[in-house]
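A look at the structure
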Amino acid sequence: MSLVGAKVLRKEDPRLLTGTGTFVDDLAPARTVFAEFVMSIEAHGRITSIDVREALKIDGVLGVYTAADFVDYPDLPQGLPGFERPVLARNTVRFAGEPVAIVVAEDRYAAADAVSAVYVEYEPLPVMTSIEAATAADATPLFGHHGSNVVTVVPMLEDLEREFERCDQRAGLHIVNQRCAAVPIEPVAVLADWKPDGLTVWATTQAPHHLRNNLATWLDVPQTTCRVIAPDVGGGFGSKIVWYPEMFVAPVLSKLLGRPVKFAQTRSEAMVQMAAGRDQVHDIDVGFDNSGKIKALRLVVSQNLGAYPDPTGLGLAVLTTWMAAGAYRIPKVEASYRTVTTNTTPVAAYRGAGRPEATFSVERIVDVVARRTGLDPAEVRRRNFIPKSAFPYETHNEAVVYDSGDFDAALAECLRIIDYDAVRAEQAERRADPKAKLLGIGLSCWLEIAGFGPNGSLEGFGHLASWESAQVRVMPDGSAIVFAGSSPHGQGHETVFAQIAGDELGISFDKIQVRMGDTATVLQGIGTMGSRGVATAGSAVKVASTRVLDRAKKIAAHLLEASEHDLEVVDDAFNVRGSPGKKVSWADVAWASFQPLSIPPELQAGSLEERLFQESPNFSYPSGAYACVVEVDRDTGDVKIIKMALVDDCGTVINPLLAEGQVHGGVAQGIAQALFESVQYEPTSGQPITSNLLDYLVPSAADIPEFEAGRINTPCPNNPLGAKGIGESGAVGAPPSVINAIVDALSEYGVDHIDMPAAPEKVWALMQGETT
Ligand code: MCN
């Protein structure tokens, strides 16, 4: 039986579920000391003095360091020229929570005491937390020399007004896609140990090689003496691709003190220091005819970047504009964006990174078209879908060529699972009864861009390149090790890469080990982001395994005195087809591969090893159809999700169990954005008011409904596995399905739109005829 496609249990679970995993904060080399940041209490201000005298008197405190101690070091890597972020605030603070000083002490308690004994004085400056405030005519620029808070602008080529005028109807929405916090289970942690023979850094990162490359440059040391290890990492959702000051400061302090230095964020620190996601404002307009055919679409995007433009943060609006038209064939599409700095925590990639924002707007406006034309939302989607026959499909942006998909089939399967007609019938019944709870059904026929990607796609985000690496090595006993350049944080790469290698090599799953996340054992890697792990690293594993197998077959053929073309691998052995019993075990072949006298002359000893840097000609474009049924309480505005149908197309599925788990996690985050989560700042002071999990509402399992999943399979033509990403799909597809369902339920109140999160008070206010 093929391992690819099988519901194999995760290799990593025995250690993770029994608490025997190793996370950064579990590590405690001898003589480790602890670092804590003094964070700015002002969102915008000039630092006039920092008094560390009291802090230095506290028992166990080894030092307090400020920007003045880092004058010989550059700012964080890959900052946009003119907007660079210093490792510790220099003269000016630009968001509440920005590190101003760092304390090092023998234990975390002394460090925490010392933090409260550092006195920083500020001269407050005007605070702007929103795009609107930061772009007001009298707004104070965060980076004075730039003269404005607008960082980048990509204008529209044509405003499409003429196109709209030619259409039977037009409609528009103003949409706020609110800021969300990443909230991985494990906040950011770093342990740096600078020894005379080199530096080792253990970090909660999604991209250890990216960190190693940049850290070595930053410290001006050879990469050979700079090792970065990402041990078990407890989630990241994109926020662990980002540079954080502690990654750079901790190694310097370790060198200075001659001790390992550890920094581990608390949850409240993470809520103000870890990069946040989304925070876009959209104006979307469409022109359409009375039959529901959309003729033109215009999307204007504004991105709040927070205080310091992050390389991935700058890319979010790009991805949003790329994906503006979603799954639809729209003759004219125009999109523009601008990015803006504000006095808030920096914004960066967060599960979906730019695609959920695009999907939300296009899926909302399609529902508005349905409402205006009196057509069913499913029918409007069908009338506008890109047909299966149109792939590869060139979009309005030359960088974006959709690879494959079958949107009609996905929608049909979704409607079947949710029993669409029955839900509509029940809705009609309830509408006749003023005491009944409102019922709504929402669709989302989403499409996203994943599998980053073709050369050039990650370089813009400061990465070395866009390939991914794998090395496959057969041990002398016939077991195998796979080294992969991706570095997972919950996705299950150990399992899926072993499945792929096992299938190609014909070695049993249990005999394959997968190693990742250590720059000393993996030559180069890019990392886990943009739902690329399977499409890129998985493909590298497949191709490298095939090449190793080809050489193993030559050795087996030599040993069996048979033709390599007659061999097949079954149950860890090479059999000669048609000659039962004529076989040699993988173990014997592997052993022979190290004995020059036992291998064919064209091979060298140790040749059952292959390293590969797999490039992709294009991204992958996962798609799907989700349906959500909600019940809304007329008296309280409370929204309850009754059921959800989730149909995904991620091409070849490596492990259905894990793929489904990814969808569940992503959908839970999508529901969280739709109903619960929103990072809030007090607008005049810039103080974060959702900086703990009492104020920032993360849903619990009880808030997440049962899902019923279905699957469509259109293989991706751009990688040898035919796999598309699925890691972000749920977060892309879920929010519009939930909000469309709520708006559908509220339609009898004339409600056209509700911004996320659809909190009960907001829903209730709309039912009272108020605007929110
Ligand atoms: N998979 C599969 N078949 C496919 C595609 C994927 O079986 N065709 C399964 C595999 O188990 C694979 C996983 O899904 O390990 C995710 O694969 P892929 O879509 O290639 O995505 P990546 O491995 O690159 O993971 C990154 C993606 C992103 S960008 C975010 S954000 C994210 C996510 O995955 N953050 C996560 N999933 C997460 N899951 C957890 N638990 N924690 C996070 O922080």
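Presented here is an overview of the structure given in this document. All of these numbers come straight from a predicted model, not from anything done at the bench.

Some points on the nonpolar core
Residues Met644 and Ile742 are the most contacted members of the largest nonpolar core, which totals 111 residues. Beyond its immediate chain neighbours, meaning those up to four positions away, Ile742 contacts Val630, Val639, Leu675, Ile754 and Ala758. Counting 48 residues, the second-largest nonpolar core is a separate cluster that includes Ala498, Phe574, Leu612 and Ile654.

Points about the sheet that holds strand S19 (residues 468–474)
Taken in spatial order, the four strands make up an open sheet running S21-S20-S19-S25, and their pairing is mixed. The strands lining the two open edges of the sheet, one partner per strand, are strand S21 (512–515) and strand S25 (609–614). Ignoring which end each strand starts from, the neighbouring axes of this sheet average 15° apart. Examined bridge by bridge, S19 and strand S20 (residues 480–484) share five bridges and lie antiparallel to one another. Bridge pairing links Val472 to Val482 in S20. Sheet strands in contact with helix H14 (residues 493–505) are S19, S20 and S21, and its direction is about 135° off that of S21. Relative to S25, helix H15 (residues 533–560) is tilted by about 145°, and along the sheet it contacts S19, S20 and S25.

Some remarks on the site of the ligand
Close to the ligand lie 31 residues; His493, Gly533, Thr652, Gln662 and Ile726 are nearest. Between Phe237 and the ligand, the recorded distance is 2.9 Å, taken from a backbone N or O atom to an oxygen atom. The fraction of the free accessible surface of the ligand (830 Å²) that becomes covered by protein chains is 95%. Taken together, the elements giving at least two residues each to the shell around the ligand come down to H14, H15 and helix H17 (656–676). Ranked by the residues each element gives to the shell around the ligand, the list is headed by H17, at three residues. The residue makeup of the shell around the ligand, split by class, is 11 nonpolar, 16 polar and four charged.

Points about the environment of Thr204
Along the chain, the position of Thr204 falls in the loop between strand S10 (198–203) and helix H6 (208–219). Thr204 gets classed as buried once you look at its relative accessible area, which sits at 1%. Taking C-alpha positions, Thr204 is 26 Å from Asn343, a pair spaced 139 residues apart along the chain. Those residues in contact with Thr204 that sit more than four places away from it in its chain are Val24, Glu186, Pro187, Val188, Ala189, Val233 and Lys240. Polar contacts involving the side chain of Thr204 include one to the main-chain amide nitrogen of Ala189, which spans 3.0 Å.

Overview of the pairing of strand S18 (residues 438–447)
For S18, the tally of buried residues reaches 10 of 10 residues, placing the bulk of the element in the interior. Of the two faces of S18, the one holding Leu438, Gly440, Gly442, Ser444 and Trp446 and the one holding Leu439, Ile441, Leu443, Cys445 and Leu447 are both buried throughout. For S18 and strand S26 (residues 623–632), the ladder comprises 10 bridges, and the chain directions are antiparallel. Within the sheet, the bridge partner assigned to Cys445 lies in S26 and is Ala625.

Conventions and cut-offs
- Residues numbered from 1 in each chain as written.
- Predicted model: local features only at pLDDT ≥ 70, side-chain atom pairs only at ≥ 80, totals over all residues.
- Heavy atoms only, no water.
- Core = buried A, V, L, I, M, F, W, Y, C linked by side-chain atoms within 4.5 Å.
- Buried < 20%, exposed > 50% of the residue type's maximum accessible area, 1.4 Å probe, protein only.
- Contact = heavy atoms within 4.5 Å.
- Pairing = 2+ DSSP bridges.
- Helix = DSSP H or I, 4+ residues; strand = E, 2+ residues; numbered from the N terminus.
- Axes fitted to C-alpha atoms, helices over the stretch in contact; angles between N-to-C directions.
- Near = heavy atom within 4 Å.
- Polar contact = N/O pair within 3.5 Å; in protein donor to acceptor, adjacent residues only side chain to side chain.
- Areas by Shrake-Rupley, 256 points an atom, 1.4 Å probe, with all protein chains shown as cover.
- Nonpolar A, V, L, I, M, F, W, Y, C, P; charged D, E, K, R; others polar.

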